[in-house]
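# Residue-level structural notes
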Amino acid sequence: MSPFLDAAAPGPLLAVALAVVGLALFVGLFCAALLAHHVLSERHRRRHEQRVAAASLLLAPRIIDQQGLPEAWREARRRFGDRAVAEVLRRARRELRGRLTIELAELLEGMGEVDRLIRAARSRRTWRRVAAIRTLGECGGERVRARLAEACGDREPEVRRAARDGLLADAGPEALAVAIASYLADQARGSGWKDTFYGQLAWIAPQALRQLLVDRALEATEEKRALEALADAGDVASLPLARSRLWSIDPELRASAARFAGKLCDQESIGRLTDLLADPSWSVRVCAAGAVGRLRADGRTRQALARLLIDPVWWVRATAARALGGQGEAGAQLLLDVVAGEDRFARDAALVVLSTLAPMESVLRRSRGMLQRRPDDRLLANLVARFDAVEARA
């Protein structure tokens, strides 16, 4: 080997070694800086929580009895700082209603919290604008409503959603009108945030959501979401609107209307729900069967449910069986009729539901007779054994 190559050989090795050492030092310094940042951040967070807790102890009694609040507010700012006091006031506004929320909004504006958040809401960074708008929505007041309305035109959908949430929380007529108009104009995709919007609107201002349905301002898929939200909110005033949608040409809307009738136990819809048990759409049949299971069914409706036990869709069979199980002895006898048949899928659905029912004398007697005729039927034997065990414990 050449002596020149031997002399040059340590050069690359030394460079690699120096690079490794330098990289190790860099990683070590980075980790140390990260650890220091974490420690300091955690210390600041704990200190802030302590200040918020202390400020709450000072302000909460004054907020509740509504006496001496301005004096306590000034004392809390002096002792615990504006950040902690502002958080206490915002939390109180979320939990309270009425004239007191206006006074809290005035205190927040008087301490400069609204001005600070409005400045932050003009940031070029999306995450800062979103955070500022969400916090601003907890402050209340005319200036806040104006800024939230302006933010509904932001280029980023996250900012627009945050602004709509704040306007819905305001619950004023003008704020609701702006929030609804912004939602209808927003072409963003996705379903989760839409369900959230309708859910908030149904709880805060169900009359506004009902008016959208009356005006036919929503497409069928949007009407479906609106009906689901009103049903979850238990809005009885929306029952006439839901009943009219049971006749919709859109299967998803018919299904949502059926779920609405079931959730609110609308006995007046039983006739139309019985018709929907034979709907061409399996999703409508499922929802109609589930709704009927919450109502008092007559003989015609029970027979329609029994026919669904041989439906080609397993979900329909299972839902119909559960609905029959909720119809007392008459429903249980229809389930036993299916158990006596030869359709394996229908028998499985019926046996599963029967096994969850409390034993009834007529059902137990008939089950034992069926088992004598079919002693090799293991599923039926298990059902009778369960009935016997429950009866023995009783």
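### Topic: the overall build of the chain
Tallying secondary structure elements over the chain gives 23 helices and zero strands in all. The C-alpha atoms of the chain give a radius of gyration of 33 Å, which is well past the 21 Å a tight globule of 394 residues would have. Seen through its principal axes, the chain has C-alpha atoms that stretch 95 × 85 × 50 Å. When each of the 394 residues of the chain is scored for burial, the buried share is 43%. Within the chain, residue pairs in contact and separated by at least 24 positions form 59% of the contacts whose partners lie at least 6 positions apart.

### Some words on the packing of helix H19 (residues 314-325) against helix H20 (residues 328-339)
As a packed pair, H19 and H20 sit with axes 7 Å apart at the nearest point and diverge in direction by 140°. Here H19 is positioned oblique relative to H20, judged by the angle of their axes. Contacts between H19 and H20 involve Ala321, Leu324 and Gly325 from the former and Gly328, Gly331, Ala332, Leu334 and Leu335 from the latter. Of the residues assigned to the contact of H19 with H20, the class counts are five nonpolar, three polar and no charged.

### Quick word on the side chain of arginine 90
As for its placement among the helices and strands, arginine 90 is situated in helix H4 (residues 82-95). For arginine 90, the contacting residues outside a window of four places in its chain are Leu108, Glu113, Thr135, Glu138 and Cys139.

Conventions adopted
Residues numbered from 1 in each chain as written. Predicted model: local features only at pLDDT ≥ 70, side-chain atom pairs only at ≥ 80, totals over all residues. Heavy atoms only, no water. Helix = DSSP H or I, 4+ residues; strand = E, 2+ residues; numbered from the N terminus. Rg over C-alpha atoms; globule rule 2.2 N^0.38 Å. Buried < 20%, exposed > 50% of the residue type's maximum accessible area, 1.4 Å probe, protein only. Contact = heavy atoms within 4.5 Å. Axes fitted to C-alpha atoms, helices over the stretch in contact; angles between N-to-C directions. Parallel < 35°, antiparallel > 145°, perpendicular 65-115°, else oblique. Nonpolar A, V, L, I, M, F, W, Y, C, P; charged D, E, K, R; others polar.

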